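# Architecture and fold: a report
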Amino acid sequence: MGKTATQKKTLNPKWGEVFVLEVPQKAVSLEVLVHDSDLVGSAFLGMACVNLDDLPSGKDVIRSYNLQPRSVKDKNPISGTIRLLCNYLTHAPVGLQMPKVDKTAMDARKQKLGVGAVTIGVVGCNGLMGSDPANHPNVYVEVKVGESRGMTEPMSSTCPCWNQPFLLDVASGCQVAEVTVFEKASAIAMLSKDQVLGVVSVLLSDMPSEPSFGWYPLVGLRSSDLAAGAVKLALCAHVIPEITVERPRRDMNAVKDNASRGLGTLEVSVVAAKQLIGSDETGTREAMVSVQVGQSKQQTEKMGRSLNPVFNKPMTFKVDPGVSVVKVAVLDKGGKGAKEFGEVEIDITDFEEEDEVDDWWCFTA
C-alpha cells in the first residue's frame, strides 16, 4: 500500500509520486482511493479500480480513470478523474489451479447417467459497490449449475480475490451456469439479509473445452437493480449433456387433409429460454411461453422460479393462407394473471418445406 502527500486547497491536485508495490498471486486489481483530509477526518471522494490484466508487462501505461462511489447508498456526489501511470514490471503467476479430471470416465458417466461436468474457477472481482459508504463490502460468490453449486468464503473488499475452483455436475436439461456475487448481512451496513450485488449467466454451450480466463460484467438481478463491477472466471466444460428436444408427433393424415384444403402445417417445439431479466418484485420469473399462428394460440406450462427455464413443449398449428408470422411471447405467471415481458415475431416465409430451423430468438421488451 502507498499513500501520497496531501495537496491543499485545490480541486486539481498534482502529486507526481511513485510507488513500487508487490503484487501477490491472488491480486486481480489495483484499488485507488481518493480522500479529502482535513482537521476533522478524511472524507471519501471516490475510487478507481485498475484491472491488472489490462496492463502489459514492462510498459508504461498512462490512463485516466473516472472516480466511482464505494456504495450504492453513498449520498455524497462523486465526480472527477484520476490520472495514473502504471508499469506492471513482472506479472504475478495465476494462483488458480484447475482440478484434474478423467475425461474418459466423464464420457462414460454421460453415456450411462446423462450427467456432465464443468469447472468454474472464481478468480476475483473488481469495482464492487456495497451498502456501507464508509466500509468495504463483505462479499462472497456462489456458482450454480442446476442443483449443483459451490460457494467462496466471504472477503471484505471492493476488489476481492479467491482463486477457488468448483467442479460441478451438469444434469440433463441444464443450459446455463449462474454466478452470483453477494454482500453478507451486517448490522454495520444495516443489511438484515444477504444482498445480491450482481449476477452473471454463462451458457454451457459457449464454454471452452480447455480452461479459459475472462472478465464478466455484473448485471442486476432485477431490471431496476443497479450493479457495478465485474467477476473474473476460469471456465472449462468437460462434458455437456445435450437438451433432448421433444418434437410433435406427426399425423400425416392431418397434414394431407390440411394441404387438400389449402392449409399449411407448422410444427413448433418451445425448447427453452435463457438469461431472462428478473422481475422487480422477486428478482426471478415463473415463466411460460405463448405461441400464436394466425388466430390459433398455444402455451407451455408455467415453470418454477427460474431465469433459464426449460419447457420442451411440442406444438402443431394449421397455417391459413396469408399467415407469414409466428408471434412468440414470454409471460410471467408469478403474480395475479400473466404479465408479458418479452416478445418476438418470426417470419416463416423464408422457411423451406420440411426444413427444420433450430435457433435462439431474441425477445424485445
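Because the structure is predicted, anything quoted here is derived from the model rather than measured.

### Quick look at the sheet that holds strand E12 (residues 212-217)
- Read from one edge of the open sheet, four strands run E9-E5-E13-E12, paired in antiparallel fashion. The open sheet has two free edges, formed respectively by strand E9 (161-170) and E12, since each of these has just one partner strand. Geometrically, the sheet is characterised by an average inter-axis angle of 25° between neighbouring strands, direction not taken into account.
- With nine bridges connecting them, strand E5 (residues 116-126) and strand E13 (residues 230-239) associate as antiparallel partners. Considered in E13, the bridge of Asn126 is made with Ala230.
- Here helix H1 (residues 103-113) sits on the sheet and contacts E5, E9 and E13; the angle it forms with E13, its principal contact strand, is near 75°.

### Overview of helix H2 (residues 252-260)
- Capping of H2 at its N-terminal end is provided by Asp251; its side-chain oxygen lies 3.1 Å from the backbone amide nitrogen of Asn253.
- Among the residues trailing H2, Gly262 stands out with phi positive, at a value near 80°.

### Re the packing of aromatic side chains
- The full count for this structure, using the stated rule, is one aromatic pair.
- Relative to Phe182, the ring of Tyr140 lies with its centre 5.1 Å away and its plane at 15°, an arrangement referred to as stacked. Placement of the pair is Tyr140 in strand E6 (residues 138-145) and Phe182 in strand E10 (residues 176-183), with a sequence separation of 42 residues.
- We classify Tyr140 as buried; its relative accessible area is 8%.
- In this arrangement the basic side chain of Lys274 is found over the ring face of Trp360, its NZ or CZ atom lying 3.8 Å from the centre.
- Here the guanidinium or amino end of Arg285 rests over the ring plane of Phe341, the centre of that ring lying 3.8 Å away.

### A few points about the sheet that holds strand E15 (residues 287-293)
- Strand order in the open sheet formed by four strands is E16-E15-E18-E19, with antiparallel pairing between adjacent strands. Each edge of the open sheet carries a strand with a single partner, namely strand E16 (296-299) and strand E19 (339-347). Recorded for the sheet is a direction-independent mean angle of 20° between the axes of neighbouring strands.
- Bridging between strand E18 (residues 325-332) and E19 involves eight bridges; their strand directions are antiparallel. Bridge pairing in E19 places Lys327 opposite Glu345.

### Let's talk about the pairing of E15
- Among the seven residues that make up E15, six are buried, leaving the element largely enclosed by the rest of the structure.
- Pairing between E15 and E16: four bridges, direction antiparallel. If you follow Val291 over to E16, its bridge partner there is Gln298.
- Counted along the chain from E15 to the antiparallel partner E16, the turn is two residues long, and its residue Gly294 has a positive phi close to 65°.

### Observations concerning the nonpolar core
- Core analysis: the biggest nonpolar cluster contains 27 residues, and Val118, Ile120, Val141, Val143, Val145, Leu204 and Met207 have the highest contact counts within it.
- Beyond its immediate chain neighbours, meaning those up to four positions away, Met207 contacts Val118, Ile120, Ala177, Val202, Leu235, Cys236 and Ala237.

### Section: the confidence of the model for the protein chain
- Mean pLDDT for the protein chain: 86, with 95% of residues reaching 70 or above.
- Per-residue pLDDT, averaged within each element of the protein chain, yields its smallest value for H1 (81) and its largest for strand E7 (residues 148-151) (95).

### Side note on the environment of Cys161
- Tracing the chain through its elements places Cys161 in strand E9.
- For the pair formed by Cys161 and Asp251, sequence separation is 90 residues and the distance between their alpha carbons is 58 Å.
- Not counting residues within four places of it along the chain, the set of residues in contact with Cys161 comprises Lys26, Ala27, Val28, Val123, Gly124 and Met155.

### Side note on the side chain of Asn308
- Position of Asn308 among the secondary structure elements: in the loop between E16 and strand E17 (310-319).
- Judged by relative accessible area, Asn308 falls into the buried class, the value being 10%.
- A distance of 2.7 Å separates the side chain of Asn308 from the side chain of Glu178, its partner in a polar contact.
- If we ignore the near neighbours within four places in the chain, the residues touching Asn308 are Gln175, Val176, Glu178, Ser201, Ala273, Lys274 and Gln275.

### Describing unusual backbone geometry
- The backbone of Asn163 sits at a positive phi, close to 50°, despite the residue not being glycine.
- Inspection of the secondary structure assignment puts Asn163 in strand E9.
- We classify Asn163 as buried; its relative accessible area is 12%.
- Located in the positive-phi region is Asn312, a residue other than glycine, with phi close to 50°.
- Note that Asn312 resides in strand E17.

Definitions and limits used
- Every residue gets a number counted from 1 within its own chain, in the order that chain's sequence is written.
- For a predicted model such as this one, the threshold for reporting local features is a pLDDT of at least 70, and the threshold for listing and counting side-chain atom pairs is 80 or more; totals across whole chains, interfaces and linings nevertheless cover every residue.
- Water and hydrogen atoms play no part in the side-chain values, which are based on all heavy atoms of the structure.
- Strands are labelled as partners when DSSP assigns at least two bridges between them.
- Segments assigned H or I by DSSP are reported as helices when at least four residues long, segments assigned E as strands when at least two residues long, and all are numbered from the N terminus.
- Note on geometry: axes are C-alpha line fits, over the in-contact stretch for helices, and angles between N-to-C directions span 0 to 180 degrees.
- Whether two residues are in contact is decided by their heavy atoms, any of which lying within 4.5 Å being enough.
- What qualifies as a polar contact is a pair of N or O atoms within 3.5 Å, subject to a donor-acceptor requirement within protein and to the restriction that residues adjacent in sequence count only when both atoms come from side chains.
- Each Phe, Tyr or Trp ring, with Trp reduced to its six-membered ring, pairs with another whose centre is within 6.5 Å; inter-plane angles below 30 degrees give stacked pairs, above 60 give edge-to-face pairs, and intermediate values give tilted ones.
- Each residue's exposure class comes from its accessible area (1.4 Å probe, protein chains only) as a fraction of the maximum for that residue type: buried when under 20%, exposed when over 50%, partly exposed otherwise.
- Two conditions define a charge sitting above a ring: the NZ of Lys or the CZ of Arg must be within 6 Å of the ring centre, and it must be within 35 degrees of the ring normal.
- The set of buried Ala, Val, Leu, Ile, Met, Phe, Trp, Tyr and Cys residues whose side-chain atoms join them within 4.5 Å is what this entry labels a nonpolar core.
- Per-residue confidence from the predictor is reported as pLDDT, which spans 0 to 100.

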